[in-house]
Each structure stands twice: as structure tokens, then as C-alpha cells.
Amino acid sequence: MRLTPGPGYDVDLDSVDLFDLDLYTSGDPHPIWDAMRAKAPLHHQVLPDGREFWSVTRYEDVCRVLGDHREFTSERGTVPTHLGTDDVAAGVLMTSTDPPRHTEVRRPLGAKLTARAVKSWEDSIRGTIQRFLEPALDGETFDLAERALLLPAMVTGPLLGIPEKDWEELVQLTAMVTAPSDPHFLQGSEAATLAISHHELVTYVKEWVTARRAAEGGDDSLLHHLMSVRPGGAPLSDEEIALDGYSILLGANVTTPHTVSGTVQALVERPEQFEKAQADPSLIPNLVEEGLRWSSAACNFMRYAVDDVHIGGGTIPARGAVVAWIGSANRDAAQFPDPHTFDITRSNAKRQVAFGFGPHFCIGAPLARMTLRVFFEELLQRFRSIEFAGEPQHLRSYFIAGMTHLPIVAQKRRTP
Amino acid sequence: MERQAAPSSAPVSLGQEIAELWGEFLHCRIGPDDDFFTLGGNSLTGIKIIDRVAQDYGVQLSVRDFYLAQTPARVAELIEQGRAGA
């Protein structure tokens, strides 16, 4: 989807189709979300097959839906792809589990992923990012979006305990989950693509666990940590390990590349912002926050209302599905003045909700923040300037806002 | 319990057998040409079905082939091919 909205157009909120994949591939959702925040903060849509869902788009409402599991449960599924079909992994997969069980499982994992814990990986991540950027230094066209798909695997593979030979396949599988009807990833039908990717990812983790058990040796990897935690006094079941491992692979792989591409695109479009960051590297942490706000790679999450709930000036009936549009919340003028302006000095950029909000706040956020900071430190230090070398191509997904292609050409910076 | 399919079994009856096997996991009556996903099949049922096929027929189906086949009749063909190749 376009991250800088085009000229405004008349939006008919009664007929708008938020699940129209063309809107995200080649259209412009921001003017629609702008109209929804202004005129229909609680929006209702019925799909042609009769399934229906409500949408909240304002910052405050998005935070409420994501933040309060008593009113809005995760246990019937959290991605709109599965709207209307209760999640088969409810109560097992961490993202589809409410507190208190969710808290028990999350706590020991989160302890491995705090800002302090991930700090020890900074040097190795910097080395990885230097290797990643190396091919762009020769002045040839570099398809940032395509290459960035592999970046999280390069960064997190060693931490998760996944050998390099498997990265490409896993990246392909996680991309299939997020955009099953994108021609880059489609296998047969959308349903088949989803099933193949779920199946192979879950099987991958299961086989990984079996091999580790047989080897009986422990290591320091996150997947091994999943095998050893004892939330509530008992170890995770094999199914929980497989599904949470799947979820961690997915979370690591499918969002960071798009934040990288979206932020670089914003900087190339605005050379004055690029120069500002280059002149003052202390702005980079805030540049990262603004890039997260701007690109909002996880475009939305879904919840189900437990009881009738009043929100956004209307009522969601008990058991109704509600989609919290993170991409819209991050452009809410009530929170971010001039929301469609990309400004690396924005004073409250850190209030972005690109990592979500509440109990399911992204467990990998400290690692993602550090990776992005190191990425932009290295990029700005190595490249004098960057130009586009072709049109970007957008991911065919209403769930992940991202790009499949962003060709750029970079000019090397003379060594200072 | 090992199920021994007769060597002469025509693909038609194998298709019916596979349809019955799916029925155990999808909890409904299934015909050889019904669509896996329309029946509510997902990857968690797929994992169980592929395991059972390996156990009962000695054929390890490729994950991709299984979901792209999508009906018991076409999965039966995959099993036939798997046996022929074995």
C-alpha cells in the first residue's frame, strides 16, 4: 500500500471494501482510514459471503481493543484472514491465548528478549547488516524490498538456533502466510498456500525439537529455551512448542523487512530528512520510531467482542469480530499532528503502536528496535545518497503492509 | 491396526477409502471429489491425515502435493503414484 497518501478522493464509507486486496496492492487505503476516523470511528462491513466485522481506526480505540482482553478476546483468532472460523490453535498458540495463561507462557520468553538481554547480540547483528548492505555499495541496482525479506533470518537465525541452509525456505514459507494470494507466493489457491506454509513451518519446528531431544545437548537458542521453560510449573507441550516456535519465526520474518523498505523509501523521497539524519546520528533512534509509525507493517489485528461493547460511538454485539487498524491509529491526528508528514524529529514518535499494544505487544520489539537502529546507523554512514531505480511493488495483503520490490541505487560515501 | 489394501484395488475404491479416512478427522461424510478446504480442512488436520497415510499405506505424501490435490480422489492418485515409484 502507498505510505504517502495520494490526492484525496471521495470515500463512500457505506460501500468501501476493506478486504479488497487490490486496495493494498495498487490502491491507497490512507484516505479511507482518514474518512473512517473522522466520520465512522466504528465501521461495519458485511462481506459478500455474509461474514461481517467491525473496524476501529482511532488511536484510542485501537489501543483499547488490543489492550483489554476481558472485553476483546484473542482466543478465537487474531488475523482477519481467518474471520468467521474459530482459531484451531486457541489457547495453545500464544497469540491466540488470553491472560492468565498467556502471561505465564510469555514471561519466561520475554525475559530472553528484553532490551538488556538483546544488547549482547549488537556486535554480531552489526556484522550481519554490514554484509547485507555490502552488495549495494558497488553502485548497481539493489532491490531492497526483495533482499530485505532475508534480513530478519540473517539476524535472528543464529539467535533462534536455525542453520543458514534453512533460512531461505523459512522466509518463503512465512511470506506465504502473510500474503497467500500475492503472485510471488501463491501455490494453487489461497487456502492451499496458507495450509502448505502453516504445515511446513509447524513441522519444521517439530522436527527441530525432535532432533534436539535426540541430541540431548542444550544450547542458548530461543527455540531451545522454548523447550525448557516451565510456565505454571509444567513444560510446554510439543504442540505448544511447535506453534509458538512458528509464531516466533513468523513475527521475526514478516514485519521488519517492510519497516526497513518503508523507512528507506520515505527517506529517499525526502532528501532533507536523509541529510538531517546523516548530519546528526543521535536522531537515528527517533528516525526508527518514526519509520515504525510510518510503515506500520502489521497493518491490523483482530479480536472478538466478549459481550456487547460500546466503542467509537457505536456498539459491537457480543461475539462480533473487530479489526483494530494499527496503520490508521499511527496516522491519527489526535495523537500525531500532521500525521501524513514523515518527520524524524517528531517529538512523540515513540507513541506509535506498530508493535501493538497491551498483553500481546510484540515480544521481539527490543530486538527489532536495535536491529533497525543498527541498520540505519550503517546505512547512513556508508551511503552518501540513495535514489530509486524503478517503481516499488506492494505486497498483496490486507494484514501486512509491505513491499515486494523497491529497486534503489546508492552512492558510496567517501570515507571520512 | 494395519490396514492392508489389496494389490488389485482400483483407484476408485482407494479414493473412497481416503474419503472415509478424511471423515474421521473432519467429522463428516465425505465423497471422493469433495474439496478439503470447503470441508473445513486446515493444516492441523492435514498433518494428521498425512501421518495416517504414511502409517496405513506406507507412502509419505509431499505436503505441497497433498494440499494442491485437495480431494480424496486426487490424493488416492498420489498414493498410487507413490506406490508405483516405491
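All chains use their own residue numbering, which begins from 1 and follows the written sequence. Here chains are named by letter from A upward and ligands by number from 1 upward, in the order in which they appear as written. Owing to the predicted nature of the model, reporting of local features is limited to residues with pLDDT of at least 70; listing and counting of side-chain atom pairs is limited to 80 or more, with chain, interface and lining totals taken over all residues. Water and hydrogen atoms play no part in the side-chain values, which are based on all heavy atoms of the structure.

## Structural notes on the environment of Arg64(A)
Residues and elements named next belong to chain A. Threshold: Per the convention used, a helix needs a DSSP run of H or I reaching at least four residues, while a strand needs a run of E reaching at least two, with both numbered from the N terminus. Any two residues having at least one pair of non-hydrogen atoms within 4.5 Å are treated as being in contact. Residues adjacent in sequence count toward polar contacts only when both atoms are side-chain atoms; beyond that, a polar contact is any pair of N or O atoms within 3.5 Å, and within protein one must be able to donate a hydrogen and the other to accept it.
Among the secondary structure elements, Arg 64 is positioned in helix 3 (residues 59-67). C-alpha separation for the pair Arg 64 and Gly 358, spaced 294 residues apart in sequence, amounts to 8.5 Å. Residues contacting Arg 64, with those up to four places away along its chain left out, are Glu 71, Phe 72, Val 309, His 310 and Ile 311. Of note is the side chain of Arg 64, whose polar atom sits 3.1 Å from the backbone oxygen of His 310.

## Points about the interface of chain A and chain B
Put simply, the rule reads: Accessible area that two parts lose when put together, with a 1.4 Å probe and added across both, is what the buried area reports. By convention in these notes, a salt bridge is any Lys or Arg side-chain nitrogen within 4 Å of a carboxyl oxygen on Asp or Glu. All residues other than Ala, Val, Leu, Ile, Met, Phe, Trp, Tyr, Cys, Pro, Asp, Glu, Lys and Arg, Gly among them, are scored as polar; the first ten of these are nonpolar and the last four charged.
Listed as interface residues are 16 residues of chain A and, on the opposing side, twelve residues of chain B. Surface buried jointly by chain A and chain B totals about 1,200 Å² across both partners, of which 70% is contributed by carbon and sulfur atoms. Of all residues in chain A, Val88(A), Ile196(A) and His199(A) bury the most surface against chain B, accounting for 39% of the area lost on that side. Inspection of the region where chain A meets chain B yields one salt bridge. With its nearest N and O atoms 3.2 Å apart, the salt bridge here joins Arg64(B) to Glu200(A). Linking chain A with chain B are three residue pairs in polar contact (both at pLDDT 80 or more), by the criterion used here. Taken together, the residues of the side of chain A that touches chain B break down into seven nonpolar, six polar and three charged.

## Re the sheet that holds strand 8 (residues 321-325) of chain A
All names here are of chain A. We apply this condition: In this analysis, strands are considered paired if DSSP registers two or more bridges between them. To get an axis, a line is fitted to the C-alpha atoms, and for a helix only the part in contact is used. The angle between two axes follows their N-to-C directions and goes from 0 to 180 degrees.
Within the open sheet, the five strands sit side by side as 1-2-8-5-3. Their pairing is mixed. Sheet topology places strand 1 (42-46) and strand 3 (72-73) at the edges, where each strand pairs with a single neighbour. As defined by bridge partners, strand 1 adjoins strand 2 (residues 52-56) across five bridges and the pair is classed as antiparallel. Among the inter-strand pairings, Gln 45 is bridged to a residue of strand 2, identified as Phe 53. Those strands touched by helix 3 are strand 2, strand 3, strand 5 (300-305) and strand 8, and its axis lies near 125° from that of strand 8.

## Topic: the packing of aromatic side chains
Residue and element names in this part refer to chain A. To keep things clear, this is the line we draw: Here a Phe, Tyr or Trp ring, Trp counted by its six-membered ring, pairs with any other such ring whose centre lies within 6.5 Å, and the pair is stacked when the planes are under 30 degrees apart, edge-to-face when over 60, and tilted otherwise. The classification of residues rests on relative accessible area computed with a 1.4 Å probe and restricted to protein chains. Under 20% of the type maximum is buried, over 50% is exposed, and intermediate values are partly exposed.
One pass over the full model with this rule turns up 17 aromatic pairs over all chains. Their ring planes at 10° and their centres at 4.4 Å tell us that Phe 19 and Phe 53 sit as a pair that is stacked. You can see Phe 19 sitting in the segment before helix 1 (21-25) and its partner Phe 53 sitting in strand 2, a full 34 residues away along the chain. Neither residue differs from the other here; Phe 19 and Phe 53 are each classed as buried.

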